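# Chain and residue survey
Listed below, chain by chain, are the residues.
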Amino acid sequence: MISRCYLEITNICNLKCVFCPKTKRVGRSLSLEDFEQLMDKLCGEIKFLYFHLMGEPLMHSCLKDFILIAKDKGFVPVLTTNGTLIKRREEELLIASPHKIQISLHSHEGNAKDCLDEYIDDIMHYAQMAAEQGTIVVLRLWNQGGLDSANKNLINLMERYVPRPWTERYDGWKLADNIYLEYDGVFEWPDAEREEYEAEEVFCYALRNQIGVLVDGTVVPCCLDHDGDIALGNLFEQSLKEILESPRAKALYEGFSRHIATEPLCRRCGYATVAKRFRKN
């Protein structure tokens, strides 16, 4: 079983974050029928279902239904959001109660938004209620070394809701039960038009513990293939087993086993190649 699938329920977003590569694909959202079809194809093959790749999941009108359907079929649903629509969708999110929600606080400064107080008020109001009913809330500041000038103000605002002391962790802080603040550095998204990075070896968990599924059903190796450059097959037309046993998928998997990136896009990925986030056991 593959641990996680990044399922793109929409590739449409309400923001234009400077750190996001965007997508050249036509804007589209999954229908309820299409979502259920994909659930049937992934059932028993995936554990964690991340509603994220490109796009803002809180923009999808069927989000609550998607989460409930996923839970009913045995998936563990996780959301990644910029948090700007959380007040509007708060009641539905509390009813659906995903396993975890990851909120990218760094999207705020990346869009030069005002009303920082209101933004954090909405997020922390939801976070505390969600945490009480068991949802894990991860507040992300993945902007270390980049657009991080607002971080101090963000943290001060959080303290109004969850006063210190906080418990320090390897990647940030535990603010309260089920509420975490997570730090990470900026990185270069893979770009087919960038020159290849020079690296003696490359390793990635693509196809080992993660896959991505774009809104049109295209299966890609990981959550960073934002334009479907490594299209391995389509779940609306094939089974996941058929796709993972294709020559291209096998070559990619076996290549990383030898610490070699067989795909040009992977050789242009700053997350795995430059930052070296992954380590093979």
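Scroll up to find the structure this text is about.
Residues numbered from 1 in each chain as written. Predicted model: local features only at pLDDT ≥ 70, side-chain atom pairs only at ≥ 80, totals over all residues. Heavy atoms only, no water.

In this structure, Leu7, Phe35, Leu42, Phe51, Leu105 and Leu139 are the most contacted members of the largest nonpolar core, which totals 84 residues. In this structure leucine 42 touches Cys5, Leu49, Phe75, Ile211, Leu235 and Leu240, once residues within four positions along its chain are discounted. (Core = buried A, V, L, I, M, F, W, Y, C linked by side-chain atoms within 4.5 Å. Buried < 20%, exposed > 50% of the residue type's maximum accessible area, 1.4 Å probe, protein only. Contact = heavy atoms within 4.5 Å.)

Among the residues of helix 8 (residues 247–257), those classed as buried are Ala249, Leu252, Gly255 and Phe256. The buried residues of helix 8 occupy an angular sector of 130° when the element is viewed end-on, so they sit on one face. Looking at the buried side of helix 8, the elements it contacts are helix 7 (240–244). Just beyond helix 8, the residue with positive phi is histidine 259, at close to 60°. (Helix = DSSP H or I, 4+ residues; strand = E, 2+ residues; numbered from the N terminus. Arc of directions from axis to C-beta.)

Axes are the key here: two packed helices are described by the angle between their axes and the distance separating the axes. At their nearest, the axes of helix 5 (residues 116–132) and helix 6 (residues 151–159) sit 10 Å apart, and the two run at 45° to each other. Relative to helix 6, helix 5 is oriented oblique. The two elements helix 5 and helix 6 meet at a crossing, and its hand is right-handed. Here Leu116, Asp117, Ile120 and Met124 of helix 5 come into contact with helix 6, specifically with Asn153, Leu154, Leu157 and Met158. A breakdown of the residues in the contact of helix 5 with helix 6 according to their chemical character gives 6 nonpolar, 1 polar and 1 charged. (Axes fitted to C-alpha atoms, helices over the stretch in contact; angles between N-to-C directions. Parallel < 35°, antiparallel > 145°, perpendicular 65-115°, else oblique. Left-handed = near helix turned anticlockwise from the far one by under 90°. Nonpolar A, V, L, I, M, F, W, Y, C, P; charged D, E, K, R; others polar.)

What follows deals with the packing of aromatic side chains. Scanning all chains against the criterion turns up 6 aromatic pairs. Between the aromatic rings of tyrosine 6 and tyrosine 50, the centroid separation amounts to 4.8 Å while the plane-to-plane angle is 35°, which identifies the pairing as tilted. Linking tyrosine 6 in strand 1 (residues 2–7) with tyrosine 50 in strand 2 (residues 46–51), this pair joins segments that are 44 residues apart in sequence. The same class applies to tyrosine 6 and to tyrosine 50, which are both buried. Their ring planes at 85° and their centres at 5.0 Å tell us that phenylalanine 203 and tyrosine 205 sit as a pair that is edge-to-face. For tyrosine 205, a relative accessible area of 21% puts it in the partly exposed group. Taken together, the ring pairs connect Phe35, Phe51 and Phe66 into an aromatic cluster. Positioned above the aromatic ring of tryptophan 173 is the side chain of arginine 164, whose terminal nitrogen or guanidinium carbon lies 5.5 Å from the ring centre. Its guanidinium or amino end placed over the ring of tyrosine 253, arginine 208 lies 4.0 Å from that ring's centre, counting from NZ or CZ. (Phe/Tyr/Trp six-rings, centres within 6.5 Å; stacked < 30°, edge-to-face > 60°. Lys NZ or Arg CZ within 6 Å of the ring centre and 35° of its normal.)

Across the sheet, 11 strands lie side by side as 6-7-8-5-4-3-2-1-9-10-11; this open sheet has mixed pairing. The sheet terminates laterally at strand 6 (167–169) and strand 11 (233–234), the two strands that pair on one side only. Each of strand 5 (136–144), strand 7 (172–176) and strand 8 (179–185) is contacted by helix 6, which is oriented at about 160° to strand 5, the strand it contacts most. (Pairing = 2+ DSSP bridges.)

Our next topic: the side chain of serine 107. Relative to the assigned elements, serine 107 resides in helix 4 (residues 106–110). Within the structure, the side chain of serine 107 is placed 2.7 Å from the backbone oxygen of serine 104, a separation counted as a polar contact. Ignoring sequence-local partners within four residues, the contact set of serine 107 consists of Leu15, Cys17, Phe19, Asn82 and Tyr119. (Polar contact = N/O pair within 3.5 Å; in protein donor to acceptor, adjacent residues only side chain to side chain.)

Bringing the environment of isoleucine 46 into the picture now. Mapping isoleucine 46 onto the fold places it in strand 2. The buried category is assigned to isoleucine 46, whose relative accessible area is 3%. When the C-alpha positions of isoleucine 46 and lysine 87 are compared, they lie 30 Å apart, and in sequence the two are 41 residues distant. Once residues within four sequence positions are removed from consideration, isoleucine 46 is found in contact with Met1, Ile2, Ser3, Arg4, Cys5, Phe75, Ile211 and Leu240.

What follows is about the pattern of salt bridges. Counted according to the given criterion, the structure contains 14 salt bridges. Across the pair lysine 73 and aspartate 40 runs a salt bridge whose closest N-O atoms are separated by 3.1 Å. Of this pair, lysine 73 sits in the loop between helix 2 (63–72) and strand 3 (76–81) while aspartate 40 is found in helix 1 (residues 32–42), placing the two residues 33 residues apart along the sequence. On the accessibility criterion, lysine 73 (31% relative accessible area) is partly exposed. The salt bridge involving aspartate 121 is made with arginine 160; its shortest N-O contact spans 3.0 Å. Residue aspartate 121 is found in helix 5, and its partner arginine 160 is found in the loop between helix 6 and strand 6; the two are separated by 39 residues along the sequence. Classification of aspartate 121 by relative accessible area gives partly exposed; the value is 23%. Sharing partners across several salt bridges, the network here consists of Glu8, Arg25 and Asp227. (Salt bridge = Lys/Arg side-chain N within 4 Å of Asp/Glu carboxyl O.)

That's the geometry; what it means functionally is another story.
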